[in-house]
Amino acid sequence: MADIIDGKALAAKVLAGTAEDVRAIVSAGGQPPGLAVILVGNDPASEVYVGRKIAQCRKAGIRSIEHRLPAETGQEVVLALIDELNADPLVHGILVQLPLPRHIDAARVLDRIDPEKDVDGFHPVNVGRLSTGTGGLVPCTPLGVMLLLDSVIDDYRGLNVVVIGKSNIVGKPVSMLLLEREATVTVTHIETRDLPDIARKADVIVAAAGAPQLVRGYWVKPGAVVIDVGITRVVDHDGNTRIVGDCATHELDHAKAVTPVPGGVGPMTIACLLSNTVLAAKRAAVA
Ligand code: GUN
């Protein structure tokens, strides 16, 4: 049987460390770290994610400032709000929940966030910093993926890693982090030919395609580590909603270790958002 990498337990550890950091900041006379969350519209999945982020902030002692704006809010209003939050010294992190309504240009909005407060790591300055290995804030899901991998891998040098998916949120940044560790990284996507053959050569697979159960047992070499970033909601024939990952996990007994869905990458993303917020607050304090 493959080991199941427990994302919930690891996230709890990260959150405990973050809460400890917050207590240390406050007991030294500092302001508690503050995270502003902007949600435009009422996409149901986004509502759930934002609700979880805010609840975890409260638990960790991070001040969360919620800005819920109606779906028809104009782009200029969102940009003006970001300007205000950029200038507010009590706000250390700014998160704009994606996707934004179609009439808003997400790239313009993300570009407006002060890179030092960009706890999602989506600003081009942070993307550049990541690709040059020069600090910056790193996107939360890729950070979480690396912590999960670190729990089963000591040395990445020369390992063959296949990343499935080339998104700005997961595929591209996680590839950069793995390259920094000197893995041999192959980034694949929907147009990649012979994907099962490429995947079968991998020591590590990071599946972030958003394609339910794409990765089958025969795609995975015995002893490989598989990180499943997929979270697709599917409705069963009896009308129940289920979350399904990108991997057919029940076919992966021959893997060394796999992450479950749910309970793998998901909890790590929020934990890393909070640790990024504390990091941004610490950097602001010494700036
Ligand atoms: N929507 C889906 N994933 C994310 C994320 O990591 N950050 C933000 N801001 N929006 C998202």
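Structure report, in brief. (Residues numbered from 1 in each chain as written. Predicted model: local features only at pLDDT ≥ 70, side-chain atom pairs only at ≥ 80, totals over all residues. Heavy atoms only, no water.)

## Points about the pattern of salt bridges
Rules: What makes a salt bridge here is a side-chain nitrogen of Lys or Arg within 4 Å of a carboxyl oxygen of Asp or Glu, nothing more. When accessible area is computed with a 1.4 Å probe and restricted to protein chains, residues below 20% of their type maximum are described as buried, those above 50% as exposed, and intermediate ones as partly exposed.
Counted according to the given criterion, the structure contains 11 salt bridges. As a salt-bridge pair, Arg157 and Asp155 come within 2.8 Å of each other at their nearest N and O atoms. A relative accessible area of 57% places Arg157 in the exposed class. On the accessibility criterion, Asp155 (38% relative accessible area) is partly exposed. Linked by salt bridges that have partners in common, Glu47, Glu66 and Arg68 make up one network.

## Describing the site of the ligand
The condition that has to hold: One heavy atom within 4 Å of a molecule or strand makes the whole residue count as near it. The definition of a polar contact used here is a pair of N or O atoms within 3.5 Å, where within protein one atom must be able to donate a hydrogen and the other to accept one, and adjacent residues in sequence count solely through side-chain atom pairs. Note on areas: Shrake-Rupley with a 1.4 Å probe; residue coverage comes only from the protein chains shown. Lys, Arg, Asp and Glu make up the charged group, whereas Ala, Val, Leu, Ile, Met, Phe, Trp, Tyr, Cys and Pro make up the nonpolar group; the residues left over, Gly among them, are polar.
Leu95, Val96, Gln97, Leu98, Asp120 and Phe122 make up every residue found near the ligand. One of the backbone N or O atoms of Leu98 is found 3.0 Å from a nitrogen atom in the ligand. Against a free-state accessible area of 280 Å², the protein chains account for coverage of 80% of the ligand. Each residue belonging to the shell around the ligand can be placed in one class, and the counts come to four nonpolar, one polar and one charged.

## So, the sheet that holds strand 11 (residues 257-258)
Short version of the rule: Being paired, for any two strands, means DSSP has found at least two bridges between them. Each helix is a run of DSSP H or I of at least 4 residues and each strand a run of E of at least 2, with the numbering of both proceeding from the N terminus. By definition in these notes, contact holds between two residues if any of their heavy atoms fall within 4.5 Å. Convention adopted: a line fitted to C-alpha atoms gives each axis, helices being fitted over their contacting stretch, and angles between N-to-C directions are expressed from 0 to 180 degrees.
The six strands are arranged 1-11-8-7-5-6 in an open sheet whose pairing can be described as parallel. Each edge of the sheet is formed by a strand with only one pairing partner; in this case those strands are strand 1 (3-4) and strand 6 (184-188). Here strand 8 (residues 225-228) pairs with strand 11 via two bridges, running parallel. Following the sheet pairing, Val226 is matched in strand 11 by Val258. Lying on the sheet, helix 6 (residues 140-150) is in contact with strand 7 (204-207) and strand 8; it crosses strand 8 at an angle near 150°. On the sheet, helix 7 (residues 171-180) packs against strand 5 (160-164), strand 6 and strand 7 and is oriented at approximately 170° with respect to strand 5.

## Brief notes about the nonpolar core
For the record, the criterion: For our purposes a nonpolar core is just a set of buried Ala, Val, Leu, Ile, Met, Phe, Trp, Tyr and Cys residues, chained together by side-chain atoms within 4.5 Å.
Formed by 51 residues in total, the largest nonpolar core has its most connected members in Leu149, Leu178, Val206 and Ile227. Look past the residues within four positions of Leu178 in its chain and what remains in contact with it is Met146, Leu149, Tyr156, Val161, Val163, Ala183, Val185 and Val206. Core analysis: the second largest hydrophobic core is formed by 19 residues, Ile38, Ile82, Ile94 and Ile104 among them.

## Section: the pairing of strand 6
The following threshold applies: Here a crossover is taken to be right-handed if, once the strands point away from the viewer, the path from the first strand over the helix to the second is traced clockwise.
Where strand 5 and strand 6 come together, five bridges link them in parallel fashion. Note on strand 6: the bridge partner recorded for Val161 is Val185. Chirality of the crossover, the property in question, places the unit of strand 5, helix 7 and strand 6 among those that are right-handed.

## What about the packing of helix 1 (residues 7-27) against helix 9 (residues 265-286)?
Using the following cut-off: Should an angle fall under 35 degrees it is taken as roughly parallel, and over 145 as roughly antiparallel, whereas 65 to 115 is taken as roughly perpendicular and any remaining angle as oblique. The hand of a helix crossing depends on one turn: near helix anticlockwise from the far one by less than a right angle means left-handed, and clockwise means right-handed.
Relative orientation of the contacting elements helix 1 and helix 9 amounts to 20°, with a least axis distance of 8 Å. On the basis of the axis angle, helix 1 is roughly parallel to helix 9. The crossing of helix 1 and helix 9 is left-handed. Contacts between helix 1 and helix 9 involve Gly7, Lys8, Leu10, Ala11, Val14, Leu15, Thr18, Asp21, Val22 and Ile25 from the first element and Pro267, Met268, Ala271, Leu274, Ser275, Val278 and Lys282 from the second. Here the residues of the contact of helix 1 with helix 9 are counted per class, giving 11 nonpolar, three polar and three charged.

These figures come from the coordinates and say nothing about function on their own.
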